[in-house]
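# Structural features, examined
In case you want the letters, here they are:
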Amino acid sequence: MTNTSSSINFPYEQAPNPGELVEIAEGIFWIRMPMPFALDHINLWLLEEEHQWTVVDSGLATDAIVEIWEDIFENHLKGKPIKRVICTHMHPDHVGLAGWLCKRDKGILHMSLAEYTYCRTLLAEKGREAPDEAIAFYRSAGFTKEEIFHYSAHFGWFGKLVKALPHQFKRLEQDDTIKIGSHQWRVLVGRGHSPEHVCLYNEKLKLVISGDQILPNISSNISVWPMEPFSNPLKQWLQSCEFLKQVIGNDVTVLPAHGLPFIGAKHRLQALIDEHNEDLDKLEQFCDVPRTVVEGFPVLFKAKIDKNNRIMATGESFAHFNYLLESGRVTEQINEQGVKHFTRVK
C-alpha cells in the first residue's frame, strides 16, 4: 500500500550512498544499507558518544552488508567501539546483524521483550519442517496445493538472514529513558507491524527514530501469522497510530527505516489510519458473498501478488478479515477442506 501525504515535507533530497554517513544533528548520523528485495534499502542510525557508539538497527545478515560495516568501522568510527545495539523490532533487515555487532565489540543488545523472544522463536525454526498448524493456516486462507508446497519448501527462511542473537539483552519498555551521549531518548512502543516495536523520541532535538512504525511513502505490513491465527494486529496498529499522533509533535523530524526523513508525523499517521479504514470498508462491501483471504488481494493491493510476496499479502489480508470479524462486520465459516469464508453482516 502507498500513500504520500501532501502535508509532509522532506528536508533531505537524497539518501546517503551505502557506507556513507550523513549527520542529521550533532552526533547523530544516517546510514543506508542495501537490500536484495523490491524494498531495496534500510536506514540505520549511528549515535556518537564520548568513548563509544550506539547503533539503531543493523541491516540484513549478508556478506555485502558485513563488508560495508567493516568499512564503516575502519574509516568512520574514530577507533571507538559500538557498545550499544538497539533494535526497533525483530524483522531481519533490522535485527539481522545485531548479534554480529554485539559480538564484535562486546556490545549490549537493547530490545523489547516480545521482539527478542519472537526473534529467538523464529531462529529456532531454521532447518525444521513446516508444522501442520502452519500448513493448515495457509490452507484456510485459500492456498492451492502448489502454493502450500512452495511455502513448505521455504520454511525457516528467517534464519538465513539473521545471525544468532546474544543470550543476554537489556529490555526496553514504554516510557523508558535512554541516555545516549548528552541526549535523552524516550522509548515509545507501537504494535501491529510487530509485537512491541520500539521508537526513540527526543523531544528536545525534535527527532524520532521511527523504525517501521511511521514510514513516509508506504504502509508497513500488518500481518496475521500462523503462530497467532486469531490475532488482531490491525486493531493494535490503528491504536498505536492514534497514540503516536497524540505524543509526537508535527514539527518533529521523523527518521524512518525506509524512505527519506520527513516532517509531519501527525499528518502521516492520520493518512495511515484513513487508508486502512478505507480498505476495511471496501473489503466489507466485497464480502456481500462469501470470500476467502486470498480473494481479498485485489481489494487491498495494487501490486501483482506472486510467489515472492504471497505470504506477506496473505498475512495482511488475514489481518483485515480478522479485524472485520472481531468488529462483528463479517461472519466466518470453515468448509470441509478447512478453508475460511467471510461474509458481510447485513
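Note: the structure precedes this text.
Described below are features of the structure shown in this document. (Residues numbered from 1 in each chain as written. Predicted model: local features only at pLDDT ≥ 70, side-chain atom pairs only at ≥ 80, totals over all residues. Heavy atoms only, no water.)

Secondary structure assignment for the protein chain yields 10 helices and 15 strands. Principal axes of the C-alpha set define a box for the protein chain whose edges measure 65 × 45 × 30 Å. For the protein chain, buried positions account for 54% of its 346 residues. When the accessible area of the protein chain is evaluated, it comes to approximately 16,000 Å², of which 50% is carbon and sulfur surface. Taking the 36 positively charged and 45 negatively charged side chains of the protein chain as two groups, their mean positions are separated by 2 Å. (Helix = DSSP H or I, 4+ residues; strand = E, 2+ residues; numbered from the N terminus. Buried < 20%, exposed > 50% of the residue type's maximum accessible area, 1.4 Å probe, protein only. Areas by Shrake-Rupley, 256 points an atom, 1.4 Å probe, with all protein chains shown as cover. Lys, Arg positive; Asp, Glu negative; His and termini not counted. Charge placed at Lys NZ, Arg CZ, Asp CG, Glu CD.)

Quick look at the nonpolar core now. By size, the foremost hydrophobic cluster in this structure holds 49 residues, and its most contacted members are Val 208, Ile 214, Leu 234, Trp 237 and Ile 248. Those elements that provide at least two residues to this core are α5 (132–141), α6 (145–153), β10 (197–202), α7 (233–247), α8 (265–286), α9 (297–300) and α10 (310–326). Setting aside its immediate chain neighbours within four residues, Val 208 contacts Cys 199, Leu 200, Tyr 201, Ile 248, Val 252, Thr 253, Val 254 and Leu 255. (Core = buried A, V, L, I, M, F, W, Y, C linked by side-chain atoms within 4.5 Å. Contact = heavy atoms within 4.5 Å.)

On to the environment of Phe 286, then. For Phe 286, the position within the fold is in helix α8. Note on Phe 286: relative accessible area 22%, which makes it partly exposed. When residues no more than four places from it in sequence are discounted, the contact partners of Phe 286 are Arg 291, Glu 295, Gly 296 and Val 299.

The complete set of buried residues in α6 reads Glu 147, Ile 148 and Tyr 151. Considered in projection along α6, the buried side chains sweep an arc of 100° and stay on one side of the axis. Exposed positions of α6 whose direction lies more than 90 degrees from the buried face are Lys 145, Glu 146, Phe 149 and Ala 153. Of the surrounding elements, those touching the buried residues of α6 are α5 and α10. (Arc of directions from axis to C-beta.)

This next bit is on the state of the cysteines. Here the structure, examined in full by the defined rule, presents 0 disulfides. With no disulfide of its own, Cys 241 lies closest to Cys 199 among cysteine sulfurs, the gap being 10 Å. (Disulfide = S-S within 2.5 Å.)

Here we take up a negative patch on the surface. Together, Asp 63, Glu 67, Asp 71 and Glu 74 line one region of the surface with negative charge. Relative to the elements of secondary structure, Glu 74 occurs in helix α1 (residues 63–75). Accessibility expressed as a relative area gives 66% for Glu 74, which makes it exposed. (Patch = residues over 30% accessible without salt bridge, like charges linked within 9 Å, V, L, I, M, F, W, Y side chains within 5 Å. Salt bridge = Lys/Arg side-chain N within 4 Å of Asp/Glu carboxyl O.)

Going through the model one piece at a time under the given rule, you end up with 14 aromatic pairs. Arranged with centres 6.3 Å apart and planes meeting at 50°, the rings of Phe 10 and Phe 262 form a pair that is tilted. Residue Phe 10 is located in the segment before β1 (22–25), and its partner Phe 262 is located in strand β13 (residues 262–263); the two are separated by 252 residues in the primary sequence. On the basis of relative accessible area, Phe 262 is assigned to the buried category, the value being 0%. (Phe/Tyr/Trp six-rings, centres within 6.5 Å; stacked < 30°, edge-to-face > 60°.)

Looking now at the sheet that holds strand β2 (residues 28–34). Strand order in this open sheet of 7 strands is β1-β2-β3-β4-β5-β6-β7, and the pairing throughout is mixed. At either end of the open sheet lies a strand with only one pairing partner, and these are β1 and β7 (170–171). For strand β4 (residues 53–56) and strand β5 (residues 82–86), the ladder comprises 4 bridges, and the chain directions are parallel. Bridge assignment links Thr 54 to a residue of β5, and that residue is Arg 84. Taken strand by strand, α1 contacts β2, β3 (41–48), β4 and β5, and its axis lies near 150° from that of β2. (Pairing = 2+ DSSP bridges. Axes fitted to C-alpha atoms, helices over the stretch in contact; angles between N-to-C directions.)

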